Amino acid sequence: MRKGAGAVADDAAQIRTLIEKWAEAVHRGDLGGVLADHAEDIVMYDVPPPHQGLRGLAAYRATWPPFFAWQAQGACFDIESLDITAGTDVAYAYALLRCATPQELAEHPTLRLRLTLGLRKERDRWLVAHEHHSFPHD
């Protein structure tokens, strides 16, 4: 059964809110808020090692305290652009974020973190099942 345009727009709006709330939680250093809408079996590929990625919510949780410590030096974590495609029970989103210290941005003003998220709907709730962060490699 195909979803109507209104249902698709509603799902995209729900996902946008989920991602914006996640980014705000990251910016605040709120670990509970960061984890809130992530699947237990999340797979994440991140900028720092392990480069083969990590699996599971416990491993995902462990990556955030060092990031929060780095961010406490005055770094930003701001969504600059966000695009979402939602289906019936899966969706993906991609974004560019300003994620750097003031000094890093002064040296590289166009530097942006690339974010890709894969989401799935479980019991009428969207969850992040895949997360990928990267920076361009010159």
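Check the entry above for the structure.
**A few points about unusual backbone geometry**
So, point 1. The amide bond that connects Pro 49 to the next residue, Pro 50, takes the cis arrangement and shows omega of 10 degrees.
So, point 2. Position of Pro 50 among the secondary structure elements: in the loop between β1 (38-45) and β2 (54-55).
So, point 3. Unusually for a residue other than glycine, Arg 123 sits at a positive phi of about 50 degrees.
So, point 4. Examined against the element boundaries, Arg 123 turns out to sit in the loop between β5 (113-122) and β6 (125-134).

**Focus on the sheet that holds strand β3 (residues 76-86)**
As a general point, the strands of a sheet are linked pairwise by backbone hydrogen bonds and lie either parallel or antiparallel.
So, point 1. The sheet built from 6 strands is open, its strands ordered β2-β1-β6-β5-β4-β3 with mixed pairing. Strands with a single pairing partner mark the edges of an open sheet, and in this sheet they are β2 and β3.
So, point 2. Here β3 runs beside strand β4 (residues 90-100); their pairing, made up of 10 bridges, is antiparallel. Within the sheet, the bridge partner assigned to Ser 81 lies in β4 and is Leu 96.

**Digging into the pattern of salt bridges**
So, point 1. Counted according to the given criterion, the structure contains 7 salt bridges.
So, point 2. Arg 28 is paired through a salt bridge with Asp 30; the nearest N and O atoms lie 2.8 Å apart.

**Some words on helix α3 (residues 57-71)**
So, point 1. For α3, which comprises 15 residues, the first-to-last C-alpha distance of 21 Å matches the rise-based estimate of 21 Å (1.5 Å per residue) to within 8%.
So, point 2. For α3, the complete set of buried residues consists of Leu 57, Tyr 60, Trp 64, Phe 67, Phe 68 and Gln 71.

**Some remarks on the environment of Ala 36**
So, point 1. Following the sequence through the fold, Ala 36 ends up in the loop between α2 (31-35) and β1.
So, point 2. We classify Ala 36 as partly exposed; its relative accessible area is 40%.
So, point 3. Considering only alpha carbons, one finds Ala 36 and Lys 21, 15 residues apart in sequence, at a separation of 9.5 Å.

**Some points on the packing of aromatic side chains**
So, point 1. Enumeration according to the criterion identifies 8 aromatic pairs in this entry.
So, point 2. Between Phe 67 and Trp 70 the ring centres are 5.3 Å apart and the planes differ by 45 degrees, which places this aromatic pair in the tilted class. Of this pair, Phe 67 and Trp 70 both sit in helix α3, 3 residues apart, roughly one helical turn.
So, point 3. One aromatic cluster is present, formed by Trp 22, Tyr 60, Trp 64, Phe 67, Phe 68, Trp 70 and Phe 77 through successive ring pairs.

**Considering the environment of Leu 117**
So, point 1. Checked against the element boundaries, Leu 117 lands in strand β5.
So, point 2. You can call Leu 117 buried: its relative accessible area is 4%.
So, point 3. Counting along the chain gives 84 residues from Leu 117 to Gly 33, while the straight-line C-alpha distance between them is 16 Å.
So, point 4. Those residues in contact with Leu 117 that sit more than four places away from it in its chain are Ile 19, Ala 91, Tyr 92, Ala 93, Val 128, His 130 and Glu 131.

About the criteria used
- Residues numbered from 1 in each chain as written.
- Predicted model: local features only at pLDDT ≥ 70, side-chain atom pairs only at ≥ 80, totals over all residues.
- Heavy atoms only, no water.
- Helix = DSSP H or I, 4+ residues; strand = E, 2+ residues; numbered from the N terminus.
- Pairing = 2+ DSSP bridges.
- Salt bridge = Lys/Arg side-chain N within 4 Å of Asp/Glu carboxyl O.
- Expected span 1.5 Å × (residues − 1).
- Buried < 20%, exposed > 50% of the residue type's maximum accessible area, 1.4 Å probe, protein only.
- Phe/Tyr/Trp six-rings, centres within 6.5 Å; stacked < 30°, edge-to-face > 60°.
- Contact = heavy atoms within 4.5 Å.

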